[in-house]
Each structure stands twice: as structure tokens, then as C-alpha cells.
Amino acid sequence: MLSVIIPAYNEQDNVENTAKVISGILKEAGIKYELIFVDDGSSDNTWQIINNLADRDISVRGLRFSRNFGKEGAIFAGLRRCTGDCAVVIDCDLQHPPELIPQMVELHAQGYEVVEAVKSSRGKESLAYKMFAKGFYKIMEKSSDVDLDGASDFKLMDRKVINALNELPERITFFRALSSWVGFKTAKIEFQVAPRNAGTSKWKYRKLVKFALNNITSFTNFPMQIVTGLGVIFLVFAVVLGVQSLVRFFSGTAQEGFTTVYLVILLSSSMIMIGLGVIGYYMSKIYEEIKFRPRYIISVDTKDKERKDKIRTDGENG
Ligand code: UDP
Ligand code: MG
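Every value quoted in this text rests on a predicted model; they were computed, and no experiment measured them. (Residues numbered from 1 in each chain as written. Chains lettered and ligands numbered in written order. Predicted model: local features only at pLDDT ≥ 70, side-chain atom pairs only at ≥ 80, totals over all residues. Heavy atoms only, no water.)

**Some remarks on the packing of helix α1 (residues 15-28) against helix α2 (residues 46-56)**
Helix-helix packing: each pair is described by the crossing angle between the helix axes and the interaxial distance. Direction vectors running N to C along α1 and α2 enclose 35°, while the axes themselves pass 9 Å from each other. Listed contacts from α2 to V15, E16 and A19 of α1 are T46, I49, I50, L53 and R56. (Axes fitted to C-alpha atoms, helices over the stretch in contact; angles between N-to-C directions. Helix = DSSP H or I, 4+ residues; strand = E, 2+ residues; numbered from the N terminus. Contact = heavy atoms within 4.5 Å.)

Put into C-alpha cells, the structure is as follows:
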């Protein structure tokens, strides 16, 4: 059986249609499936719609978060609860073409354990967004050996991969990179990003910057290395300047070199500040991880209606 994991955050205009389209495609292809909608603490009617769907259709299951935990949490909750032999993660707004799922299942049947759908074109995005994404992926690729160009969250994973991901102890996760980090036999297929079906993108720039910083720091020590590198360069500068001023001093041509002093103080203190900032960022990561807070809290699972009021975080401090 195939589990389709669909994170949904304020997607009231999409859920119904998405369920219909995906089930249509899977039924036609003769694939047994379950749809798992993970409501990431939506403030609109998303949950009511998912809940109704689950009541009507046994192949639909809904998980409701107690608040907005972010798409990462939603994906990992789906992976934890899904029961299929393989799972596909797909956006709720149909920007990831579900027509590709049968093809992905076919590749899985051929023995591929991960099937990644790679964006051949980014959909309609502003120039700033594109540049931001490009820059972010470049840093990630250069510094962590995980090639993310065109990567998306649209993937099929075998049960083995799901289990491997479920076993990762960390809580600050980056699904897109982790799913290639775990390895396994991987196939790639290309797709064009479709325009959003309804509603608006759920990302705000602040959230995106946070997302990027989070992922860079949880995957690489690159920023720390920049600081070290800059430190070395400045040391060289300092030595040269020091020698120069000593020579001037002894040859009696010393000037009131206050500019130099200012410059050196300003530059070195800014370096120190940056360095402290970077270290602080990593420290805060350690702090986050060490708290062992769950990644998400599920308030309702349509599969266990009778125990509706019980908040389950069973062994899911993940
Ligand atoms: N999403 C989520 N939690 C969030 C933000 C987004 O579960 O905090 C879901 C959203 O419902 C959608 C998917 O993640 O199914 C992708 O979001 P969106 O389409 O807004 O992002 P974009 O396509 O613009 O990258
Ligand atoms: Mg989208």
C-alpha cells in the first residue's frame, strides 16, 4: 500500500479537491493507497473538511496538530503514522503534479528506494525569492555534499527509508536534505512546478530566512569556518600594519596614525561580534536539541476517534 502524506496549513480551498484528484489518479492506476492529511494547526476550516472527508472515506486519515509546528513537523508526523510499504510526500496545493505518482510507484517497483521529483523549472516566483533559493542551495551544496538544486519535498520513500528517517533523533530537521542524507538507491524524475491551485503561499520572508538559517546551521559548519578564515586574514593584516608602524616609529616618521587605529579597532571588533554571533547561533541549536521537546503535538487522529480527547505524543518525541 502507498501512503500519501499531505501537509496542509490553511488549505480549506484545496483539501477536498486535492483528495479527489489524487484518489482519482491512484484508483485509475490501480494503486492501493491511504491519504494522510496533516493539519498543521490551521486557523481556517481545513480541519473540519479533513475530518468530514475521513468520516466519508476510509482511505482518508487526518492528523491535527495542536498548533502550527511547520511543514517539517507535518511531514515527519505523517511518516511516523503512515502504514504503507512506501510513502509519497506531496503539497496540498497541487503544485507537485500528482500525475507523477504512478510513475514514482513504478520506479519503486523496479527497486528504487527513494524517488525524488526534481524541479525542472521553479514556478512563478519573484526574482528575490529565486535568488534567495539559489544562494541558499549553493551554500548547502558547497558545504554539506547534499545536492539540493531543484530539490523539493515531493518524494517517494520505501518503508526502509521511512524507518531510517523515523529513527533520526534530531528535532531540527530538514526533510529535503535528510532524505538524501540517509542514502539508499535513488531515482530522480523531473517535473514542472504548477501554479498554486487556490489560496496563497504560506511562506513569509521572515519564515523563509529562518528556515534557511536553520537548515544551513543544522547541516554545515560553514559559517563557523568563514569566521575562522576571516580571522586569519585579519591577523595577517594586523601583522603587516604592526610591522609598518614599528618601522615608521623607529625611522622617526611616525604619524598621528589614528585612522589606522580606528580602522583596526572597528574591523577587529566587528569580526569578534560576527564570530560570537555565529557561535551563539550554534549554541542555540544545541540548546534547542537538548531540550528534547517533541517536534509536533498531535491533538486528533481520525484513526482513533474513540480516544479523541487523549493527546498522543506516544514515543514521538520526534
Ligand atoms: N505548509 C504547512 N505548514 C506551514 C506552511 C506550509 O504544512 O507552516 C504546507 C502547505 O499547506 C502546503 C505545503 O506546505 O501543502 C507547501 O506550502 P506552500 O504552497 O505555501 O509553499 P510554496 O509552494 O510557496 O513553497
Ligand atoms: Mg505551494
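**Considerations on the pairing of strand β6 (residues 155-158)**
Burial of the side chains of β6 extends over both faces: K155 and M157 are buried on one face and L156 and D158 on the other. Relative to β6, strand β4 (residues 86-89) runs antiparallel, the two sharing four bridges. Along β6, the bridge assignment pairs C86 with D158. (Buried < 20%, exposed > 50% of the residue type's maximum accessible area, 1.4 Å probe, protein only. Pairing = 2+ DSSP bridges.)

**Here we look at the site of ligand 1**
For ligand 1, the set of nearby residues contains 18 residues, the closest of which are D40, D93, Q95, S201 and K202. One of the side-chain nitrogen or oxygen atoms of D40 is found 2.6 Å away from a nitrogen atom of ligand 1. A distance of 2.9 Å separates an oxygen atom of ligand 1 from a polar atom in the backbone of C92. Its free accessible area being 530 Å², ligand 1 has 91% of it covered by the protein chains. Across the shell around ligand 1, the residue classes break down as six nonpolar, four polar and eight charged. (Near = heavy atom within 4 Å. Polar contact = N/O pair within 3.5 Å; in protein donor to acceptor, adjacent residues only side chain to side chain. Areas by Shrake-Rupley, 256 points an atom, 1.4 Å probe, with all protein chains shown as cover. Nonpolar A, V, L, I, M, F, W, Y, C, P; charged D, E, K, R; others polar.)

**Overview of α1**
Under the 1.5 Å per step criterion, the end-to-end length of α1 is 20 Å for 14 residues, consistent within 8% with the ideal 20 Å. Of all the residues in α1, the buried ones are V15, T18, A19, I22, S23, I25 and L26. All buried residues of α1 project into a common sector of 160° when viewed along the axis, lining one side. Opposite the packed face of α1, turned more than 90 degrees from it, sit the exposed residues K20, K27 and E28. (Expected span 1.5 Å × (residues − 1). Arc of directions from axis to C-beta.)

**Some thoughts on the packing of aromatic side chains**
Tallying each qualifying case throughout the model produces four aromatic pairs. Taking the centre distance of 5.7 Å and the plane angle of 85° together, the rings of F65 and F69 count as edge-to-face. For the pair F65 and F69, one class covers both residues: buried. Seen in terms of ring centroids, F65 and Y296 are 5.3 Å apart; in terms of plane orientation they differ by 0°. Their pairing is stacked. You can see F65 sitting in strand β3 (residues 60-65) and its partner Y296 sitting in the loop between α10 (258-290) and β8 (298-301), a full 231 residues away along the chain. Each member of the pair, F65 together with Y296, is buried. These aromatic residues form a ring-pair network of at least three members: F65, F69 and Y296. A cation over an aromatic ring shows up here: K185 above the ring of Y112, its NZ or CZ 4.6 Å from the ring centre. Here the guanidinium or amino end of R295 rests over the ring plane of F76, the centre of that ring lying 4.2 Å away. (Phe/Tyr/Trp six-rings, centres within 6.5 Å; stacked < 30°, edge-to-face > 60°. Lys NZ or Arg CZ within 6 Å of the ring centre and 35° of its normal.)

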